[in-house]
Amino acid sequence: MESTLALNQQNLTKITHLIPCPGYNREALKKGVVHIGVGGFHRAHQAYYTHQLIREFNDSDWGICGIGLRKADQKIHDVLQNQDGLYTLIIKHPDGTIAPEVIGSIVDFQLAVDSTASVISRLASEETKIVSLTITEGGYNFKPATGEFDFANPDIQHELEHPDDPKTVYGFLTAALKKRRDAGLPAFTVLSCDNIQHNGDMAQKMLHSFAQAQDAELAQWIEKEVCFPNSMVDRITPVTTQADIDYLESTYQIKDEWPVTCEPFIQWVVEDKFSNGRPEFEKVGVQFVRDVKPYEKMKLRLLNAGHSVLGILGAIHGYPTINACIEDKTFRTFLRAFMDQEATPTLDELPGIDLDAYKDSLQERFANPNIKDSVARICSESSAKLPKFLIETLNENLSSNASIEFSALIIAAWCYYSDKGVDRNGEAIEIIDAMEEELHQAAVQTKEDPLAFIKLESIFGDLSENLRFTRVYTSLIEIIYRDGEVIKLMQKMLNSGFENRED
Ligand code: CS2
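Definitions and limits used
Residues numbered from 1 in each chain as written. Predicted model: local features only at pLDDT ≥ 70, side-chain atom pairs only at ≥ 80, totals over all residues. Heavy atoms only, no water. Helix = DSSP H or I, 4+ residues; strand = E, 2+ residues; numbered from the N terminus. Contact = heavy atoms within 4.5 Å. Polar contact = N/O pair within 3.5 Å; in protein donor to acceptor, adjacent residues only side chain to side chain. Near = heavy atom within 4 Å. Areas by Shrake-Rupley, 256 points an atom, 1.4 Å probe, with all protein chains shown as cover. Nonpolar A, V, L, I, M, F, W, Y, C, P; charged D, E, K, R; others polar. Domains from an automatic or database assignment. Pairing = 2+ DSSP bridges. Axes fitted to C-alpha atoms, helices over the stretch in contact; angles between N-to-C directions. Parallel < 35°, antiparallel > 145°, perpendicular 65-115°, else oblique. Left-handed = near helix turned anticlockwise from the far one by under 90°. Disulfide = S-S within 2.5 Å. Buried < 20%, exposed > 50% of the residue type's maximum accessible area, 1.4 Å probe, protein only.

Undergrad: Describe the environment of P238, with residues and values.
TA: Mapped onto the secondary structure, P238 falls in the loop between β9 (231-234) and α10 (242-252). It is 6.5 Å that separates the C-alpha atoms of P238 and C262, two residues lying 24 residues apart in sequence. Those residues in contact with P238 that lie beyond four places of it in its chain are T261, C262, I371, K372, D373 and R377.

Here is the structure:
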């Protein structure tokens, strides 16, 4: 039996005979980009685009230095350190084709908890032109219901008092930008790649609130010098499983401690405003536009919200994956009804986009049987996701007196899910949410107060005071709690509507 090859720079000369590898000189890459939050998504998306740009066009200015801000980033730090920043991207096509490729664009990784000063220096270095972010919806530190900066966060309090000991992205960005200003260096661009509508504007607003509280003069400089392009990012990237690691080892004898899997589809639409230069990403398919907002909104309200619709209902029904949900006709039809009747009417004009074709393509992507995207991943951090993916849509439809019942069902189902924590077969649901305890505490009071869950103001704002909403919501809650399942209710809603039915 052939021996296994550990993935690292030295073994690339052998691994290149097995799967595609970076043929470029990684040592010559400048670290033009510092990326905060190196999760699977970044590795399947921006790092992949960058890899293509280097491989196809020999552009050596934009190598990536990854930064991990959380203790939990220790693992990715260790893996990338052992593998010289290399990892395998395994692209899984719906027809069963699997295309693994070694990606070489991440050339360094630093863990902020270990080395605050060195992370600040890297950010402040002349070489750094762009600081990109995938810090998740929760990482922006805004209050979900109001969108205002959350000064109550103890880490924020700490770094406001100790600017030399930053903890969050805001502390690091301001510390580095101050150094750059003092050294007469140009500012970097802050490029948000998270699933938040107006993600660049949001990053700007949050950083401004923080900097203003820390150093008003610096805040002014940042306002003038730093660009925050909005961007829409897209590629479904499920959580890596042991089976993915084993696949590489058994099929190719390659030992990669943490490969990433993803679908073939990839998209990035970015506003073309950068403070200090940018990669020519258009050469590898990135779209640069003047205003990305309508595209972001379309993606968040159809793809991401669609995921949550399937995920929450699927979790209660006991489906493990998104493709299992979409194979079920009731789920498929329900998803489309939600998209057509509640999400689509809230979208802005989308020049050049055929929305029906877009929705069809989402359905096909969700159905990819090889992706096996877990419902647990989709439902994770719903408290940070749903305000952006779904509740804004719901509020707009309440204001315009449009349909709300499909969205209301998702919220009622989310309450039941948070209360019971088991599916309809009594199997435990894996719930991953920073607000898990709060959600549970509110949801368990539903029996005494049917509105208890939606009184969580930080998530729902004043939804519990909207009579039209509460009427629909409480009827849905009653049925779900009585039946302990959602599928019959979904069928009923699809057949005869819910809010205005006669019985
Ligand atoms: C998902 C996203 O986290 C979620 O709930 O909807 O991670 C989704 O897979 C990506 O945004 C796809 O681009």
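Undergrad: Give me the lowdown on the side chain of E263, citing residues and values where you can.
TA: With respect to the secondary-structure elements, E263 resides in the loop between β11 (260-262) and β12 (267-271). In terms of polar contacts, E263 uses its side chain to reach the backbone amide nitrogen of I236, at 2.7 Å. A distance of 2.5 Å separates a polar atom in the side chain of E263 from a polar atom in the side chain of R365.

Undergrad: Break down the site of the ligand for me, with residues and values.
TA: The ligand sits among 13 residues. The nearest are D234, K299, H307, R377 and K385. One of the side-chain nitrogen or oxygen atoms of D234 is found 2.6 Å away from an oxygen atom of the ligand. Within the side chain of K299, an N or O atom sits 2.7 Å from an oxygen atom of the ligand. Out of a free accessible area of 340 Å², the ligand has 94% covered by protein chains. At the level of secondary structure, the elements contributing two or more residues to the shell around the ligand comprise β9, α11 (293-317), α15 (375-379) and α16 (382-399). Residues of the shell around the ligand, tallied by class, amount to 5 nonpolar, 3 polar and 5 charged. Residues lining the shell around the ligand come from more than one domain, with at least three contributed by each of domain 1 (5-289) and domain 2 (293-496).

Undergrad: How would you explain the sheet that holds strand β3 (residues 64-68) if you had to name every residue and give the values?
TA: Taken together, the 5 strands give an open sheet; going across it, the order is β6-β3-β2-β7-β8, and neighbouring strands pair in parallel fashion. Of all strands in the sheet, those with a lone pairing partner are β6 (106-111) and β8 (189-192), marking the two edges. Strand-to-strand twist in this sheet, taken as the mean axis angle between neighbours without regard to direction, amounts to 25°. Alignment of strand β7 (residues 130-133) against β8, held across 4 bridges, turns out to be parallel.

Undergrad: Before we move on, can you summarise the packing of α11 against α16 with the specific residues and values?
TA: One way to put it is that α11 packs onto α16 with a least axis distance of 10 Å and a crossing angle of 115°. Between α11 and α16, the angle falls in the class roughly perpendicular. For α11 against α16, the interelement crossing comes out left-handed. Side by side, α11 and α16 meet where K297, L300, R301, N304, A305, S308 and I312 of the first sit next to S382, L386, F389, E392, T393 and E396 of the second.

Undergrad: Would you mind going over the state of the cysteines in detail, with residue names and values included?
TA: Inspection of every chain in the model, using the stated rule, returns 0 disulfides. Not engaged in a disulfide, the cysteine C227 finds its nearest cysteine sulfur in C193; these two sulfurs lie 15 Å apart. Relative accessible area serves as the criterion here: at 22%, C227 is assigned to the partly exposed category. The structure places no disulfide on C325, whose sulfur is separated from the nearest cysteine sulfur, that of C379, by 8.6 Å.

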